[in-house]
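For reference, the chains in residue letters:
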Amino acid sequence: MVNSHILSKSVQINGQPFADSLSAIISTQPAIKADDKAGYEMLTPKDQQEVLSIITSRRSAKTNAVIVLPTKFARLLKIAPRLQKSQFQSKFSTILLCTDEPVNSFEISATNQLSLMHMANIVGILPGKTKPNELVIFSGHYDHLGVDPTNKVDSIYNGANDDASGTTAVMQLAKYYAKLGNNARTLVFAAFTAEEEGGFGSTYFSHQFDPEKVMAMFNIEMIGTQSKWGENTAYITGYEKTDMGEILQKNLAGTGFTFHPDPYTDQHLFYRSDNATLARQGVPAHTISTSKMDAEPNYHKVSDEISTLDLTNMNRIIRCIALSARSIVNGAETPSRVNTAELR
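Residues numbered from 1 in each chain as written. Predicted model: local features only at pLDDT ≥ 70, side-chain atom pairs only at ≥ 80, totals over all residues. Heavy atoms only, no water.

### Topic: the overall build of the protein
Our working definition: Starting at the N terminus, helices and strands are each numbered in turn, a helix being any DSSP run of H or I of at least four residues and a strand any DSSP run of E of at least two. When a residue's accessible area, from a 1.4 Å probe over protein chains only, is under 20% of the maximum for its type it is buried; when over 50% it is exposed; and in between it is partly exposed. What makes two residues a contact is simply this: any of their non-hydrogen atoms within 4.5 Å. Shrake-Rupley sampling with a 1.4 Å probe provides the accessible areas, and residues are treated as covered by the protein chains on show and by no other component.
Helix and strand counts for the protein come out as 8 helices and 15 strands. Projected onto its principal axes, the C-alpha coordinates of the protein cover approximately 75 × 50 × 35 Å. Taken over 344 residues, the protein has a buried fraction of 50%. In the protein, once contacts between residues fewer than 6 apart in sequence are set aside, the share between residues at least 24 apart is 84%. Just so you have it, the protein exposes about 16500 Å², and 52% of that area is on carbon and sulfur atoms.

Right, here's the structure in full:
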């Protein structure tokens with residue numbers, strides 16, 4: 001990953017100097033030179049949602065672009081410094097200009113200070129016996145929020161529930177399937193980095209596979225506390241977007257365990273965890289969780305310690321994930337794909 005900081009910048013619009021405060025640059029190039037003859041794509045979003053959608057899509061840009069924002073959205077320029085802190089290396093740059101006047105010509109130059117951060121996903125693969133080219137992914141994220149230097153009593157964000165509980169599930173499932181040794185499909189076990197920073201680990205990971213070969217993704221996040229329905233229950237984000245939840249529940253018949261649809265749809269959890277990038281590629285990729293998002297006392301706090309977890313219930317959840325995945329792992333069933341046209 002690359003952190004960048006614009007050291008100097010010169011902007012002219014329609015032959016006239018342009019206020020520095022009304023422009024921003026997101027780039028991993030040490031020097032940026034741009035003008036209206038350099039092949040830059042000109043984007044003119046009309047509302048805030050379109051602005052945010054374009055800026056988000058630019059994180060995997062394939063072109064250079066100038067985004068012209070109406071002045072009523074000037075506050076959105078504050079997004080740029082945050083996006084410069086964590087970027088994938090790219091030869092393409094994004095320039096934001098805030099003006100209500102037509103941009104007929106522009107000339108922009110800047111110098112950029114870059115620093116590299118080396119990160120790693122941790123991945124294990126169990127080759128399939130009869131359908132090795134079809135993949136099933138089990139995942140969780142191993143990063144959390146680091147430390148709080150202002151807290152002199154307990155500065156460490158342990159992340160026991162968020163998401164050591166998920167990576168524990170991934171490791172236990174890997175041991176379970178390795179011992180069985182009869183998985184038809186290839187199983188991929190992944191512990192992602194940088195989920196809390198913006199899903200960078202899973203974004204990179206998702207581009208290492210042909211999404212058409214990924215039959216399902218079980219992303220596991222925060223299963224260490226009981227759900228709102230109590231023991232032997234969990235929920236699946238984006239439940240309605242594929243029939244994967246129905247398959248899992250059918251495979252759990254007689255166990256007394258229930259998978260529910262996500263009850264916190266107003267929090268858009270389907271888009272906020274490591275399943276999101278693969279789901280945007282059409283993969284039936286969902287997150288399994290029990291976290292009470294409206295009432296978790298230790299969420300994103302240093303108090304997220306192992307002592308707060310219900311390990312007995314967590315063990316049942318991991319067991320039931322394994323049982324529910326049986327027909328998908330053995331190649332008998334394949335969940336329906338996500339309709340990407342319906343995603344926001």
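### Here's the deal with the sheet that holds strand β2 (residues 16–17)
Just so we agree on the cut-off: For two strands to be treated as a pair, DSSP must find at least two bridges joining them.
Overall, antiparallel pairing links the 4 strands, which are arranged β2-β1-β8-β4 in an open sheet. The open sheet has two free edges, formed respectively by β2 and β4 (31–35), since each of these has just one partner strand. Note: β4 against strand β8 (residues 106–116), 5 bridges, orientation antiparallel. From the neighbouring strand, Ala34 faces β8, where its bridge partner is Ile108.

### Some words on the side chain of Asn275
To keep it simple, the criterion reads: Distance and chemistry together define a polar contact, namely a pair of N or O atoms within 3.5 Å, with one atom able to donate a hydrogen and the other to accept it when in protein, and with adjacent residues in sequence counting only for side-chain atoms on both sides.
Take Asn275: it is sitting in the loop between β14 (258–261) and α6 (276–279). Judged by its relative accessible area of 0%, Asn275 falls in the buried class. In this structure the side chain of Asn275 is engaged in a polar contact, spanning 2.7 Å, whose partner is the side chain of Thr287. When neighbours within four sequence positions are excluded, Asn275 is seen to be in contact with Met217, Asn219, Thr237, Leu269, Phe270, Ala285, His286 and Thr287.

### What to know about the nonpolar core
In plain terms, the rule: Buried Ala, Val, Leu, Ile, Met, Phe, Trp, Tyr and Cys residues form a nonpolar core when they are joined through side-chain atoms within 4.5 Å.
One finds Phe138, Leu173, Tyr177, Phe218, Phe259, Ile321 and Ile328 to be the most contacted residues of the largest nonpolar core, which totals 33 residues. Put simply, the parts of the chain that give this core at least two residues each are β10 (131–141), α3 (160–180), β11 (185–192), β12 (214–220), β13 (233–236), α5 (244–251), α7 (311–324) and α8 (326–329). In this structure, Phe218 is in contact with Val136, Ile137, Phe138, Ser139, Met244, Leu248, His286, Ile288, Ile321, Ser324, Ala325 and Ile328, ignoring residues within four places of it in sequence.

### So, the layout of surface pockets
Cut-off, in case you're wondering: The pocket and cavity definitions rest on a 1 Å grid over protein atoms only: a 1.4 Å probe that fits but cannot leave marks a cavity, an open set with protein on both sides within 12 Å along at least five of seven lines marks a pocket, and residues lining either have an atom within 4 Å of a point. Grid points are joined across faces, edges and corners, and a volume is the space filled by probe spheres set on the points.
Taken as a whole, the second largest pocket encloses approximately 250 Å³ of empty space. If you trace the second largest pocket, you find 16 residues lining it, with Met119, Ala120, Asn121, Gly201 and Tyr204 closest to the centre. Sort the elements by how many residues they give to the lining of the second largest pocket and helix α4 (residues 200–206) lands first, with 4 residues.

### Let's talk about the packing of aromatic side chains
For the record, the criterion: Ring geometry is summarised as follows: Phe, Tyr and Trp rings, the Trp one being its six-membered ring, pair when their centres sit within 6.5 Å, and such pairs are stacked at plane angles under 30 degrees, edge-to-face over 60 and tilted between the two. Only when the NZ atom of a Lys or the CZ atom of an Arg is both within 6 Å of the ring centre and within 35 degrees of the ring normal do we say a charge sits over the ring.
Under the criterion given, the structure shown has 12 aromatic pairs. Grouped by ring-pair contacts, the aromatic residues Phe138, Tyr176, Tyr177, Phe189 and Phe218 constitute a single cluster. If you follow Lys241 out to its NZ or CZ, it ends over the ring of Phe270, 5.4 Å from the centre.

### Side note on the pattern of salt bridges
Basically, it comes down to this: Counted as salt bridges are all cases of a side-chain nitrogen of Lys or Arg within 4 Å of a carboxyl oxygen of Asp or Glu.
Under the counting rule described, the total for this entry stands at 7 salt bridges. Of the charged contacts in the structure, one is a salt bridge between Arg185 and Glu134, with a shortest N-O distance of 2.7 Å. Within this pair, whereas Arg185 is found in strand β11, its partner Glu134 is found in strand β10, the two being separated by 51 residues in sequence. Assessed through its relative accessible area of 2%, Arg185 is described here as buried. You can call Glu134 partly exposed: its relative accessible area is 24%.

### Focus: the environment of Ile288
In this fold, Ile288 is placed in strand β15 (residues 285–289). Distance in space between the C-alpha atoms of Ile288 and Val147 is 27 Å, their sequence separation being 141 residues.

### Focus on the packing of α3 against α7
So the rule is basically this: For helices, the fitted line uses only the C-alpha atoms of the stretch in contact; every axis is such a line through C-alpha atoms, and the angle between N-to-C directions lies from 0 to 180 degrees. An angle below 35 degrees is read as roughly parallel, one above 145 as roughly antiparallel, one from 65 to 115 as roughly perpendicular, and any other as oblique. Each crossing gets its hand from how the near helix is turned against the far one by less than a right angle, where anticlockwise is left-handed and clockwise is right-handed. For this classification, the nonpolar set comprises Ala, Val, Leu, Ile, Met, Phe, Trp, Tyr, Cys and Pro, the charged set comprises Asp, Glu, Lys and Arg, and every other residue, Gly included, is treated as polar.
At a minimum axis separation of 10 Å, α3 and α7 run at an interaxial angle of 50°. Between α3 and α7, the angle is such that the two are oblique. In this structure, the crossing between α3 and α7 has a hand that is right-handed. Residues Ser165, Thr168, Ala169, Gln172, Leu173, Tyr176 and Tyr177 of α3 form the contact with α7, whose participating residues are Met314, Ile318, Ile321 and Ala322. Among the residues making up the contact of α3 with α7, the classes are represented as 8 nonpolar, 3 polar and no charged.

### What about α3?
Operational definition: Here a helix's expected span is defined as the number of its residues, less one, multiplied by 1.5 Å.
The terminal C-alpha atoms of α3, which comprises 21 residues, lie 28 Å apart, in line with the 30 Å expected from a rise of 1.5 Å per residue. Along α3, the residues that are buried comprise Ala160, Asn161, Asp162, Asp163, Ser165, Gly166, Thr167, Ala169, Val170, Leu173 and Tyr177. Summarising the contacts, the buried residues of α3 are in contact with β9 (122–126), β10, β11, β12, α7 and α8.

### Describing the sheet that holds β9
Spatial strand order, β9-β11-β10-β12-β15-β13-β14: 7 strands in an open sheet with mixed pairing. Each edge of the sheet is formed by a strand with only one pairing partner; in this case those strands are β9 and β14. Within this sheet the neighbouring strands show an average axis-to-axis angle of 25°, counted without direction. Here α5 sits on the sheet in contact with β12, β13, β14 and β15, set at roughly 75° to β12. Contacts from α7 reach β10, β12, β13, β14 and β15 within the one sheet, and its direction differs from that of β12 by about 170°.

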